[in-house]
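Given next are the chains, with one letter for each unit.
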There are 2 protein chains.
Amino acid sequence: MNLADYLRRRRRLVDGALKRWIPAEDEFPPQVHKAMHYSLFAGGKRLRPILTLAAAEAAGGRTRDALPLACSLELIHTYSLIHDDLPSMDDDDLRRGKPTSHKVFGEAVAILAGDALLTEAFYLASRPDLMKGVPPRRRIQALWHLARAAGSLGMVGGQTVDILTQGRPADARTLEYIHTRKTGALIAASVAVGAVIGGAGLRSFRNLLAYGEKLGLAFQITDDLLDAEGDEKKLGKAVRKDPSKGKATYPALYGIPESRRKARRLVEEALARLKSFDRRANPLREIARFVLERTN
Amino acid sequence: MNLADYLRRRRRLVDGALKRWIPAEDEFPPQVHKAMHYSLFAGGKRLRPILTLAAAEAAGGRTRDALPLACSLELIHTYSLIHDDLPSMDDDDLRRGKPTSHKVFGEAVAILAGDALLTEAFYLASRPDLMKGVPPRRRIQALWHLARAAGSLGMVGGQTVDILTQGRPADARTLEYIHTRKTGALIAASVAVGAVIGGAGLRSFRNLLAYGEKLGLAFQITDDLLDAEGDEKKLGKAVRKDPSKGKATYPALYGIPESRRKARRLVEEALARLKSFDRRANPLREIARFVLERTN
């Protein structure tokens, strides 16, 4: 398979669904809807929703059935970026090469746009007119995975520790906590949600979940590596900002070569979990390799 | 029935469930969990969850089945208060007589605690180990009502317009928009969610929803009236702050006597919608009268 082509088609599918399903930009009140669209269509890679679709496929399900929850994952990811960038949090001016939400719309509307995107994620996932082919019990299970990963024991917990430890030297345990929660939890949930909607049995589900967990941590380590080595223009955001803020990163704690080895090992472990799957898991396999080799 | 006694018992039921179901205060990371508990157990009236339980009862359902979603409504209400109080929003220092979340925990943790409470609402509502007696299809329908009421076309939309129109003279249409969305939507949803979980048929559901919509608007008008006439000590927050901030209120636009008449009319209309219900709707009836006569 051609991964670039696959990703392009999937991205188009997700973008189309998001445009169709979330309120239009000029819907009243336009300020909050413009802010939602601004961040949602700022050129994201759509990694999380694509993982959801690919996991549903690997589990033997239909892409179409997983599309609403795939969109939910992107909505939650986008809300988290808006809130993370706020002055009282990371205080970032740029995101994907564009001014951050609060720079464009002001802090109040940025907070509200984040709140609205998070809420919209659960709205989409529970719309009675979508996912008619999916048993309601599965939908609830998927919603539960989503909410658990995004909450105070998942992503919000990771962000809390990340914010509160800034400026202090990070130890390995804290770093592991932040990375598995802040980024890892939602990436793992992307896969879990797809697996549930796709109808995975218990053994398949466990393998897919483990794949997602390994991949999520590998993704965060390569993110740290890109930040340590990367090229500002390619990334569209300020690089090497993490050490200056005293942020915990893998390269800072383990050095670049060891961080690279760790990412590689995690991706190999993720791939090993897909051994019992047929070729419908090929997109998940290719995505894992892509995460290791990505340059932005 | 003795309403005070009924409210006390229901409040105890909701408080117990919240304590049992949300992460403990010292759960890691403690900062965000402490902040969640601080606002959640700050002495709220629990009006929304009590309405959910009462609506489930009126529809012929079991209180127990509606308890998780009742808690979800309180979680969403609490998150909205934390975010509304933020410096970039209403910039309030006091809430229910206590320093606001950001005053105690700082802005970052206050935002994160709000995010976590909102997420927790959907987590609770989708927990597979709760509400086993409720058909999954109903749970999804209830979740949908909840998310719709809380999102950018509901509560967040109302808050957006409220923030963006401050300091400007409010016209009747804007005021109606803010009040039906910012407070009304979630109160109406409290009733709708209870009706769905309680298994209301279409006609009963429509009546209960209309009851909730009328009640929600009446509640906001009496809130404005309390603010215009109220006694600072009784309310535990600064009064008469709304005109000084140029906030749109009913008394400011229509005067106190006409606002009182409007609230009374709405409560009468709400009660009329309960005519076809038996005595299991008595709590809803009493609550409507209580909203009209409340002093805090």
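Since this is a predicted model, take the numbers as computed values, not measurements. (Residues numbered from 1 in each chain as written. Chains lettered and ligands numbered in written order. Predicted model: local features only at pLDDT ≥ 70, side-chain atom pairs only at ≥ 80, totals over all residues.)

## Quick word on the packing of helix α6 (residues 107–125) of chain A against helix α7 (residues 136–150) of chain B
Okay, so step 1: Their axes nearest at 8 Å, the elements α6 of chain A and α7 of chain B cross at an angle of 150°. Relative to α7 of chain B, α6 of chain A is oriented roughly antiparallel. At the point where α6 of chain A passes α7 of chain B, the crossing takes the left-handed sense. Where α6 of chain A abuts α7 of chain B, its residues Thr-119, Phe-122 and Tyr-123 of chain A lie against Leu-143, Trp-144, Ala-147, Arg-148 and Ala-150 of chain B.
Okay, so step 2: Considered class by class, the residues forming the contact of α6 of chain A with α7 of chain B number 6 nonpolar, 1 polar and 1 charged. (Axes fitted to C-alpha atoms, helices over the stretch in contact; angles between N-to-C directions. Helix = DSSP H or I, 4+ residues; strand = E, 2+ residues; numbered from the N terminus. Parallel < 35°, antiparallel > 145°, perpendicular 65-115°, else oblique. Left-handed = near helix turned anticlockwise from the far one by under 90°. Contact = placed C-beta atoms within 7 Å. Nonpolar A, V, L, I, M, F, W, Y, C, P; charged D, E, K, R; others polar.)

## Focus on the packing of helix α4 (residues 63–85) of chain B against helix α6 (residues 107–126) of chain B
Residue and element names in this part refer to chain B.
Okay, so step 1: Remark: α4 packs on α6, axes separated minimally by 8 Å, with the N-to-C direction vectors making an angle of 165°. Taken together, the axes of α4 and α6 are roughly antiparallel relative to one another. At the point where α4 passes α6, the crossing takes the left-handed sense. Contacts from Pro-68, Leu-69, Cys-71, Ser-72, Leu-75, Ile-76, Thr-78, Tyr-79, Ile-82 and His-83 of α4 reach α6 at Ala-110, Ala-113, Gly-114, Leu-117, Leu-118, Glu-120, Ala-121, Leu-124 and Ala-125.
Okay, so step 2: Taken together, the residues of the contact of α4 with α6 break down into 14 nonpolar, 4 polar and 1 charged.

## Remarks on unusual backbone geometry
Residue and element names in this part refer to chain A.
Okay, so step 1: A cis geometry characterises the amide bond from Phe-28 onward to Pro-29, with omega recorded as -5°.
Okay, so step 2: Relative to the helices and strands, Pro-29 resides in the loop between α1 (3–21) and α2 (30–40).
Okay, so step 3: The phi dihedral of Arg-96 is positive, around 50°, even though this residue is not glycine.
Okay, so step 4: Mapped onto the fold, Arg-96 is located in the loop between β1 (94–95) and β2 (98–99).
Okay, so step 5: A tally of 15 C-beta atoms within 10 Å means that Arg-96 is categorised as partly exposed.
Okay, so step 6: The backbone of Met-131 sits at a positive phi, close to 55°, despite the residue not being glycine.
Okay, so step 7: For Met-131, the location among the structural elements is in the loop between α6 and α7 (136–150). (Buried ≥ 20, exposed ≤ 12 C-beta atoms within 10 Å, placed from the backbone.)

## Details of the interface of chain B and chain A
By a frequent convention, interface size equals the accessible area lost on bringing the separate parts together.
Okay, so step 1: Counting residues at the interface gives 45 residues for chain B, matched by 45 residues for chain A.
Okay, so step 2: Counting only elements with at least two residues in the side of chain B that touches chain A, the list comes to α2 (30–40), α6, α7 and α8 (155–164) of chain B.
Okay, so step 3: Residue contributions to the side of chain B that touches chain A peak at 13 residues, all from α6 of chain B.

## Some thoughts on the confidence of the model for chain A
Regions with low pLDDT carry predicted coordinates that are not meant to be interpreted in detail.
Okay, so step 1: On average, residues of chain A carry a pLDDT of 93, and 94% of them reach 70 or more.
Okay, so step 2: Model confidence for the complex is summarised by a pTM of 0.95, with the ipTM given as 0.95. (pLDDT = per-residue confidence, 0-100.)

## As for the relation of the copies chain B and chain A
Okay, so step 1: Superposition of chain B onto chain A requires a rotation of 180° combined with a translation of 0.0 Å along the rotation axis, giving an RMSD of 0.0 Å. A rotation of that kind, with that shift, is consistent with a two-fold axis. Using C-alpha coordinates, one finds that chain B approaches the rotation axis most closely at Pro-136 of chain B, a distance of 2.7 Å.
Okay, so step 2: Taken together, the interface assignments show that 100% of the residues at the interface of chain B recur at the interface of chain A, consistent with an identical surface on both copies. (Least-squares fit on C-alpha atoms with pLDDT ≥ 70 in both.)

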